[in-house]
Amino acid sequence: MATKDVVGVQEKPKTDIHFAYYEPPAINLHLPRSEGTREKFVRKTKENLFVPLGLGVTVFALVYGIYQLKTGNSQKSQKLMRLRVGAQSFTIVAFLGGLVYEARKQARSTPPS
């Protein structure tokens, strides 16, 4: 439209402004599905079986050692407490070994940049 002169006032052309709505692009982040506590426990146990095994031996030695101490068998209780310390050490070494193994496995699977 052309502008019109009306007694010295210029009129601006009217334009219809339409704001088009564009759908943003879909972003696929490949997020893992949320897993529950049980599923996570089973997955972690399959990845490193020695950690739950060491944990079980530690708990057994602790509970049975305390029971033996209460019943008055201090020699057996002392041996079980030593077993508990050994089992705790084994669990820590197994945990660290699992971390190193998973880190190396991940490093091998990702190509260098």
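Residues numbered from 1 in each chain as written. Predicted model: local features only at pLDDT ≥ 70, side-chain atom pairs only at ≥ 80, totals over all residues. Heavy atoms only, no water.

**Let's talk about the environment of Ile66**
Its location among the elements puts Ile66 in helix α2 (residues 50-71). Here Ile66 falls in the partly exposed class, since its relative accessible area comes to 43%. For Ile66 and Leu80, which are 14 residues apart along the polypeptide, the C-alpha to C-alpha distance reads 8.7 Å. (Helix = DSSP H or I, 4+ residues; strand = E, 2+ residues; numbered from the N terminus. Buried < 20%, exposed > 50% of the residue type's maximum accessible area, 1.4 Å probe, protein only.)

**Some remarks on helix α3 (residues 74-109)**
Under the 1.5 Å per step criterion, the end-to-end length of α3 is 52 Å for 36 residues, consistent within 8% with the ideal 52 Å. Listing the buried residues of α3 in full gives Ser77, Leu80, Ala87, Thr91, Ala94 and Gly98. Here the buried face of α3 lies against α2. (Expected span 1.5 Å × (residues − 1). Contact = heavy atoms within 4.5 Å.)

**Points about the packing of α2 against α3**
Look at α2 against α3: their axes get within 8 Å of each other, and the N-to-C directions meet at 165°. Here α2 lies roughly antiparallel to α3, going by the angle between them. Crossing geometry of α2 relative to α3 is assigned as left-handed. (Axes fitted to C-alpha atoms, helices over the stretch in contact; angles between N-to-C directions. Parallel < 35°, antiparallel > 145°, perpendicular 65-115°, else oblique. Left-handed = near helix turned anticlockwise from the far one by under 90°.)

**A short note on the side chain of Thr58**
Mapped onto the secondary structure, Thr58 falls in helix α2. Not counting the four nearest positions on each side in its chain, Thr58 is found in contact with Arg84, Ala87, Gln88 and Thr91.

**Notes on the side chain of Ser77**
Of note, Ser77 is situated in helix α3. Judged by its relative accessible area of 5%, Ser77 is buried. Apart from residues lying up to four places away in sequence, Ser77 is in contact with Gly65, Gln68 and Leu69.

**Concerning the UniProt feature "transmembrane region" (unreviewed entry) in the protein**
Taking the UniProt record as the reference, the feature "transmembrane region" (unreviewed entry) is found at residues 49-69 and 81-101. Along residues 49-69 the backbone is 95% helical and 0% strand, and the end-to-end C-alpha distance reaches 31 Å. This span, residues 81-101, is 100% helix and 0% strand, and a straight line between its end C-alpha atoms measures 30 Å. (UniProt positions renumbered as here; feature names shortened; annotations may be inferred.)

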